[in-house]
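Residue-level listing of the chains:
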Amino acid sequence: MKKLYRSTNYRQIAGVCGGLGEYFNIDPIIFRMLFVALLFGGGSGILIYIIMWIFVPVKSVEKEQ
């Protein structure tokens, strides 16, 4: 079963977009552009990003194997 984790490989700030990219098997830049669009389109992008940063766990070395 797949679980959502923050990425340690594709990390720019907190690894949220990299983790989403790994989970959905999509390039993380798509999620980065989505968060930026949400940021300028009403400000909800930063709020969603911070909430995910807090609640989505980091992928540890043991879980990568």
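Residues numbered from 1 in each chain as written. Predicted model: local features only at pLDDT ≥ 70, side-chain atom pairs only at ≥ 80, totals over all residues. Heavy atoms only, no water.

Considering the side chain of Arg6
Checked against the element boundaries, Arg6 lands in the segment before helix H1 (16-24). One buried charged side chain, Arg6, makes no salt bridge at all; its nearest oppositely charged neighbour is Glu22, positioned 11 Å away. Only 3.2 Å separates the side chain of Arg6 from the backbone oxygen of Ala14, close enough to count as a polar contact. Engagement of the side chain of Arg6 in a polar contact is seen with the backbone oxygen of Val56, the distance being 2.9 Å. Once residues within four sequence positions are removed from consideration, Arg6 is found in contact with Arg11, Ala14, Gly15, Val16, Gly19, Met52, Trp53, Val56, Pro57, Val58 and Lys59. (Helix = DSSP H or I, 4+ residues; strand = E, 2+ residues; numbered from the N terminus. Buried < 20%, exposed > 50% of the residue type's maximum accessible area, 1.4 Å probe, protein only. Lys, Arg positive; Asp, Glu negative; His and termini not counted. Salt bridge = Lys/Arg side-chain N within 4 Å of Asp/Glu carboxyl O. Polar contact = N/O pair within 3.5 Å; in protein donor to acceptor, adjacent residues only side chain to side chain. Contact = heavy atoms within 4.5 Å.)

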